[in-house]
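One letter stands for each residue in the lines below.
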Amino acid sequence: MHISDGVLPISVTVGCYVASAALVAWSARRTRNEELPKLAVMTAAFFVASLVHVPFGPTSVHLIIPGLTGALLGPSAFLSIGLGLLLQSLLFQFGGLTALGANALMMGLPALACGWFFQRYKGRTQLRQAFVGGLAGAAGTALAAIILAILLVAGGEDFFGVAKIALLAHIPVIIVEGVVSAFTIGFLTRVKPALLQTSFLRQTKAAHG
Amino acid sequence: MADVINIQMPLWQLLLLLLIPLAAITIMVVWLRRVAYKHSAPEEKRDWSVPPLADGSGTSLLHCWDVRCKIVTILVCSFAIASLSHLEPALVAIGVSLIILVVARVSFAKVLLRLLAITGFVCMFLVVMPFSVPAHNGDTVLVFNGMDWLGFNLRGLRLAATIAAKAIAIAVLMEPLLSTAPLPVTLHGLSRLGAPEMVGQMVLLSYRYLHVFRHEAWRMSSGMQVRGFRKRTDLATLRAVGNFIGMLFVRSFERTERVFDAMRARGYRGRFPEPAELRLRTRDLLLAAVWLTAGAALIAYDRIAW
Amino acid sequence: MHEPLRPIQKPTLDASLFSMRRVFYRYPDDIQALSCIDLDIAGGDRIALVGQNGSGKTTLIKQLCGLLLPTAGEVLYKGEQLKGEHLDRNRLEIGLLFQDPDDQLFSHTLLDDTAFGPRHQGLSRQDAEQTARKSLQRVNLLDMAYKAPHNLSFGQKKRAALAGLLAMQPNVLLLDEPTSNLDPHQEEVFLNLLRDFSGTLICISHNLIFLYELCDRAVVLDRGRIQHDYTLRELVSQRQSLREHGLDFSFRLVHTASSCDLAQSKPLDELHRTPTLPDVSEGKSLVFLRDYHYRYPDGTLALHGINLSIQDGERISIVGENGAGKTTLLSCLLGLRQGLGEFHFAGRLMTRRWRKTLWRRVGMVFQDCADQLFCPSVREEITFGLHQLGYSRDESRKRLTQVLAMVCLEGFEERVPLHLSGGERKRLALACVLAMEPKLLILDEPTAGLDPQGEELLLDILCNLDVTLLLVSHDMFFVNKLTRRTLVMHRGRILEDMPTHAFLQDERLGNLNELSYTYRRRSRSAILTMQHEHEHSHLHQHLHTHQHRHGEVEHDHFHEHVHEHTHRFAHIHPEDEKNHDHMPRRYHDHDHPGYEVEDHDHDYPGHENETDDHH
């Protein structure tokens, strides 16, 4: 779920912009300068993954994957998400530029938190990694929903109802997201564990000399 | 201050109030979507040996406006619109955006797609807010069949309508900003305004590989379909989707490495070459000034008139 | 046993452009990719780098353009080590063409992309654009200059990638599989472009016929080591050594060439047959299409009045240029797309509802198996389809072992599909489809990216299958081996529907269809001439060890003596001469059964270590 333009009060909008600009700057500093193109290409992959729809009963939900992004990209995740949102608002007709800051915070903060959580607790066994990955995936979406609700509530008590509905609407996404993330992480632990080392952008670089 | 005004209404009028607009919106959306897709299909026959927008369509005022002025003006205007808090100025803002749209002569179908993308979110507001907004003094609440808990607050409707109007006005503004210059030029303008050059290049790269990965994902999903995969609500589907995403990441990661190699092999060392240089003319600034005045007037109207 | 006989004349240091000195390379995940590579490349060399999949060819090429630095040893370019500043300066003279052009076309428009290199060489914007336009002109893509790369066809992308390199006016071109996935016409276009290139050229390919036309020196890699370094003519003429490196592509030469000969003798008109409307007895045929059309959402007509009937058990190939509509036809047959017109499968009209069940009876092996393999283990990969079919656990297990045996992958159950080699992955994809026991098996370019050994194995498996087969391929050898009927597609239509043998003899079709098989035929016969071998007998010397006596002393040691007996070796027949030259040319290895008992003179004085010219 993205926030569209004109929903948030102007003070919140600007505040979010400032906060996410700072986080983007931090995230960019944590990524090596030369490797930024790589991050751009990976962003495209995350973008495509977020277009996947999964049926849930009579409706279908589409994945948001902040948790997975964080688990795979680590500190660079915020930059990647910001980029993805910019791309979406520029080219895919969704979301104007004014809500960009709020949306980046909504997706990026959970990504950072879950990335840290995953790296901290992933352990060594495949099963545990998949489990922790699933938790991170679910938590990512849950956090995103909570931040969305908080941002909405910042608009005053008139928005309480909308915030509640938005939270409820995310419950199926949280479940689906958690399970899919667990399977994805499980797949990666078996097939390409190198991807789960957060600083993977850095490691491969070293190999290239 | 008056108390909450309760107006009693029979239940069927609720249906009238809700279902008919909803049905109307749905039908509109479906019809508009069809129209939009039909008109946004790529025309293959065009001559690709000349730059896009150089073929006569790009003669409007906005097309020859300096891109930096354009970005600043439209961004400032968007924020101005976002800061409106009353319905009437917001409606005026839609009017202004539409005028700009006509001046810029951009593709109407693309604007429609943009509008369609926000319908879901906006509709949620239109439906939820009238019922969820707490009743204040001076509010008019429609109560159906004496069910007090289901009061339809007109103030809520007005609030939601304001939000919707602002969203539409801004969404309409985006199209003249983006389609009156090729994307690289717009992004370059952004970088000349202080954003790092790398941001623009990264957007372009992502955009380029988005297409590649989408195509790859499409082929993979048809590979799954050929083997009988149908999405259902069960664990097997989620497992398959999890594998699918994992595979997508692995392939993209490998491609990322190759792309990076290809860039290095052609001399990339952390910097992209500079694209076209820009020239600022008085005319550009004049246009920006006029426009920004309009934005300021809108805010003034919003703040003073109410 | 065979030795690299004629060590290439080591060029003096200043003459050689590249020289690799005892280069080792180990990947971070501990795979030894290159060991002890010594290689000198002179300016103007045209080198074919060949070897099985996974023999380290791509790694070697990456060393040459500085993308990878050796773990040990050194790579010199123009006499200096290729790293640091020297690398930065010289990298721009070395162009690397990737296998997948999408990796290389990373800019927004073709013009930008082509100008990327020149801009980094320090040219101004205008000059770079000028250069870019020139090189786009060279590859015949100038009219697409402002198009985004994702809107190009595969062949166009490939040429665009080459234009990006040519714009940099490189000294050296490194090419990784330049012809994979190209149709023969595009391949010839590409060949001509590369022929015009005057600098040094190093080309990886499994397409030895293409290499034969382009290169003159061959370097054979095997498990990270250089096994041979000789002329390309020598490489292709020695079947024995080709076979040892899994490169023997000559199994492809024999049959087609003979049918080529036939072509000249038969009148062409007789073979020509326009496609007739299939008889309406659709009840009997497995697939029946009448007046079938397909239009893409954007309005392009991809299939145009297709009439086709496939009988149960038939083996059919579809040939046609890239973009002829072959893949679209396949996805219609698979039920992935719905066109207009009649489509009956096994007698039933495929309506929207029935179309969704086609997967149960039609199976397809995709061109790129990465599109088909997405599970973390071979077992899950194969049982995925069985699960959809509703097989029980026991049945699936049984089926799993069966199909793995069919494709020679026994014991691979727990392996990760992504970590398998190209040939194994291809066979796994085939197994996944076969496990579901399709009535109609569709193969889309099964040979793409396989080395000759992998191809031969795949061919064996496919020959023994008992299904209705639909093969889409540019590979005339596979078409000939596997199918009896050929459909020629061109611009969304079926132009011809004829027996495969007749198609192969029809020279005219190549031009009609923008497919040029002629150059391949020409090279094919040239190679065949070189590979010509037959038994003959002449005197030659052998090195043997066995017990013998010198007067009083009885002992054994290596010694040489002369015999005469028949044996086989490859040699050239000069134009039509019946009694051709069997003069001693080079050392060649052959059996000499029964040499122990053969009578010969052991008192021959010069038998110790002398090495005469071997026959």
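Residues numbered from 1 in each chain as written. Chains lettered and ligands numbered in written order. Predicted model: local features only at pLDDT ≥ 70, side-chain atom pairs only at ≥ 80, totals over all residues. Heavy atoms only, no water.

**Examining the overall build of chain A**
Thought 1: In terms of helices and strands, chain A carries 9 helices and 2 strands.
Thought 2: Secondary structure elements of chain A occur, N-terminal to C-terminal, as α-α-β-β-α-α-α-α-α-α-α.
Thought 3: Taking contacts inside chain A between residues at least 6 apart in sequence as the whole, the part at least 24 apart equals 75%.
Thought 4: Entry remark: accessible area of chain A is about 7400 Å², with carbon and sulfur atoms responsible for 69%. (Helix = DSSP H or I, 4+ residues; strand = E, 2+ residues; numbered from the N terminus. Contact = heavy atoms within 4.5 Å. Areas by Shrake-Rupley, 256 points an atom, 1.4 Å probe, with all protein chains shown as cover.)

**Points about the overall build of chain B**
Thought 1: Along the backbone of chain B there are 9 helices and 3 strands.
Thought 2: In sequence order, chain B lays out its α and β elements as β-α-α-α-α-β-β-α-α-α-α-α.
Thought 3: Out of the 306 residues in chain B, the part that is buried amounts to 49%.
Thought 4: Pairs at least 24 apart in sequence give 80% of the contacts found in chain B among residues at least 6 apart. (Buried < 20%, exposed > 50% of the residue type's maximum accessible area, 1.4 Å probe, protein only.)

**Focus on the nonpolar core**
Thought 1: Counting residues in hydrophobic clusters, the biggest one holds 177 residues, and the most contacted among them are B:F125 and B:F249.
Thought 2: In terms of residues, this core owes the most to one element, helix α8 (residues 235–265) of chain B, which gives 15 residues.
Thought 3: Beyond its immediate chain neighbours, meaning those up to four positions away, B:F249 contacts A:M42, A:A45, A:F46, A:A49, A:I65, A:L68, A:L72, A:T184 and A:L195.
Thought 4: Of all hydrophobic cores here, the second largest spans 45 residues; its members include C:A48, C:L141, C:L162 and C:L191. (Core = buried A, V, L, I, M, F, W, Y, C linked by side-chain atoms within 4.5 Å.)

**Some remarks on the side chain of C:S285**
Thought 1: Structurally, C:S285 can be placed in the loop between α12 (268–271) and β11 (287–295).
Thought 2: Apart from residues no more than four positions distant in its own chain, C:S285 is found in contact with C:S309, C:I310, C:Q311, C:A346 and C:G347.

**Considering the interface of chain C and chain A**
Thought 1: Counting residues at the interface gives 12 residues for chain C, matched by 6 residues for chain A.
Thought 2: Between chain C and chain A, the buried area comes to about 700 Å², and carbon and sulfur atoms account for 62% of it.
Thought 3: Run the count over chain C and chain A and you get 1 salt bridge.
Thought 4: One salt bridge in this structure joins C:E380 and A:R190, with 3.2 Å as the shortest N-O distance.
Thought 5: Summed over the shared surface of chain C and chain A, the number is 2 residue pairs in polar contact (both at pLDDT 80 or more).
Thought 6: Looking at the side of chain C that touches chain A residue by residue, the class counts come to 9 nonpolar, 2 polar and 1 charged. (Buried area = accessible area lost by both parts, 1.4 Å probe. Salt bridge = Lys/Arg side-chain N within 4 Å of Asp/Glu carboxyl O. Polar contact = N/O pair within 3.5 Å; in protein donor to acceptor, adjacent residues only side chain to side chain. Nonpolar A, V, L, I, M, F, W, Y, C, P; charged D, E, K, R; others polar.)

**Describing the environment of C:S19**
Thought 1: Turning to its location among the elements, C:S19 is positioned in strand β1 (residues 16–26).
Thought 2: Each C-alpha atom of the pair C:S19 and C:D40 lies 4.3 Å from the other, and the pair is 21 residues apart in sequence.

**Some thoughts on the packing of aromatic side chains**
Thought 1: What the rule picks out here adds up to 15 aromatic pairs over all chains.
Thought 2: Their ring planes at 70° and their centres at 6.3 Å tell us that B:F260 and B:Y268 sit as a pair that is edge-to-face.
Thought 3: With relative accessibility at 3%, the residue B:F260 sits in the buried group.
Thought 4: Since its relative accessible area comes to 3%, B:Y268 is described here as buried.
Thought 5: With centroids separated by 5.0 Å and ring planes inclined at 50°, the aromatic side chains of C:F18 and C:Y77 adopt a geometry described as tilted. With C:F18 in strand β1 and C:Y77 in strand β4 (residues 72–77), this residue pair connects regions lying 59 residues apart in the sequence. The exposure classification of C:F18 matches that of C:Y77, with both residues buried. (Phe/Tyr/Trp six-rings, centres within 6.5 Å; stacked < 30°, edge-to-face > 60°.)

**Let's talk about the pattern of salt bridges**
Thought 1: The tally for this structure, following the rule as stated, stands at 32 salt bridges over all chains.
Thought 2: B:R255 is paired through a salt bridge with C:D103; the nearest N and O atoms lie 2.7 Å apart. Highlighted residues: B:R255 in helix α8 and C:D103 in helix α3 (residues 101–104), drawn from two different chains. Both residues of the pair, B:R255 and C:D103, count as buried.
Thought 3: Between C:R217 and C:D45 there is a salt bridge, with the nearest N and O atoms lying 2.7 Å from each other. In this pair, C:R217 is assigned in strand β9 (residues 217–222) and C:D45 in the loop between β2 (32–42) and β3 (46–50), connecting sequence segments 172 residues apart.

**As for the layout of surface pockets**
Thought 1: As a volume, the second largest pocket reaches approximately 1000 Å³.
Thought 2: Taken together, 37 residues line the second largest pocket, and the ones lying closest to its centre are A:L86, B:L190, B:A195, B:P196 and B:V199.
Thought 3: If you list the elements that add at least two residues to the lining of the second largest pocket, you get α1 (10–30), α4 (77–91) and α5 (100–121) of chain A together with α2 (67–82), α5 (154–179), α6 (183–192) and α7 (197–226) of chain B.
Thought 4: Per-class residue counts for the lining of the second largest pocket are 28 nonpolar, 7 polar and 2 charged.
Thought 5: Counting residues domain by domain, the lining of the second largest pocket receives three or more from each of domain 1 (5–38 + 57–181 + 281–304) and domain 2 (197–265) of chain B. (1 Å grid on protein atoms, 1.4 Å probe; cavity = no way out; pocket = protein on both sides within 12 Å on 5 of 7 lines; lining within 4 Å. Points joined across faces, edges and corners; volume = space filled by probe spheres on them. Domains from an automatic or database assignment.)

**Side note on the sheet that holds strand β20 (residues 493–499) of chain C**
Residue and element names in this part refer to chain C.
Thought 1: Pairing in this open sheet of 6 strands is mixed, and the strands run β16-β17-β18-β13-β19-β20 from one edge to the other. A strand with exactly one partner marks an edge of an open sheet, and here the two such strands are β16 (362–365) and β20. Recorded for the sheet is a direction-independent mean angle of 20° between the axes of neighbouring strands.
Thought 2: Both strand β17 (residues 440–444) and strand β18 (residues 468–472) contribute to a ladder of 5 bridges, which runs parallel. Residue L443 lies in a different strand from β18, and its bridge partner there is L471.
Thought 3: Helix α17 (residues 422–435) rests against β16 and β17 of the sheet, and its axis sits at about 175° to β16. (Pairing = 2+ DSSP bridges. Axes fitted to C-alpha atoms, helices over the stretch in contact; angles between N-to-C directions.)

**Details of a nonpolar patch on the surface**
Residues and elements named next belong to chain B.
Thought 1: On the surface, W12, L15, L16, L19, I20 and L22 cluster together into a nonpolar patch covering about 590 Å² of accessible area.
Thought 2: Mapped onto the elements, L22 comes out in helix α1 (residues 12–40).
Thought 3: Taking the relative accessible area as the measure of exposure, L22 reaches 32% and is therefore partly exposed. (Patch = residues over 30% accessible without salt bridge, like charges linked within 9 Å, V, L, I, M, F, W, Y side chains within 5 Å.)

**Quick word on helix α5 (residues 125–138) of chain C**
Residues and elements named next belong to chain C.
Thought 1: End to end, α5 covers 20 Å across 14 residues, agreeing with the expected 20 Å (1.5 Å per residue, within 8%).
Thought 2: The inward-facing, buried residues of α5 abut α4 (110–120) and α6 (154–166).
Thought 3: Within two residues after α5, N140 carries a phi angle of roughly 70°, on the positive side. (Expected span 1.5 Å × (residues − 1).)

**Considerations on the interface of chain A and chain B**
Thought 1: Taken together, the contacts link 74 residues of chain A with 71 residues of chain B.
Thought 2: Carbon and sulfur atoms supply 80% of the area buried between chain A and chain B, which totals about 6400 Å² over both sides.
Thought 3: Here chain A and chain B share 3 salt bridges between them.
Thought 4: We note a salt bridge from B:E254 to A:K192, for which the minimum N-O separation is 3.4 Å.
Thought 5: The tally of links between chain A and chain B comes to 7 residue pairs in polar contact (both at pLDDT 80 or more).
Thought 6: Breaking the side of chain A that touches chain B down by element, the ones donating at least two residues are α1, α2 (36–49), β1 (53–56), α3 (66–73), α4, α7 (160–169), α8 (171–191) and α9 (200–208) of chain A.
Thought 7: Element by element, the count of residues in the side of chain A that touches chain B is highest for α2(A), at 14 residues.
Thought 8: Tallied by class, the residues present in the side of chain A that touches chain B amount to 50 nonpolar, 16 polar and 8 charged.

**Brief notes about the environment of C:I494**
Thought 1: Along the chain, the position of C:I494 falls in strand β20.
Thought 2: Here the alpha-carbon distance between C:I494 and C:G305, two residues 189 residues apart in the chain, equals 8.4 Å.

**Things to note about the confidence of the model for chain B**
Thought 1: On average, residues of chain B carry a pLDDT of 80, and 88% of them reach 70 or more.
Thought 2: Averaged pLDDT values for the elements of chain B fall to 75 in strand β3 (residues 147–153) of chain B and rise to 91 in α8(B). (pLDDT = per-residue confidence, 0-100.)

**Focus on unusual backbone geometry**
All names here are of chain C.
Thought 1: Of note, the phi angle at K78 is positive, near 50°, even though the residue is not glycine.
Thought 2: With respect to the helices and strands, the residue K78 is situated in the loop between β4 and β5 (80–81).
Thought 3: The phi dihedral of D291 falls on the positive side, at around 50°, and the residue is not glycine.
Thought 4: As for its position among the elements, D291 is in strand β11.

**Quick look at the pairing of β4(C)**
Residues and elements named next belong to chain C.
Thought 1: As paired strands, β1 and β4 are joined by 5 bridges and run antiparallel to one another. The residue bridging M20 from the neighbouring strand is V75, located in β4.
Thought 2: Here β4 runs beside β5; their pairing, made up of 2 bridges, is antiparallel. Its bridge partner lying in β5, L76 is registered against Q81.
Thought 3: In textbook terms, the turn of a hairpin is the stretch between consecutive antiparallel strands, and for β4 and β5 this stretch comprises 2 residues, one of which, K78, has a positive phi near 50°.

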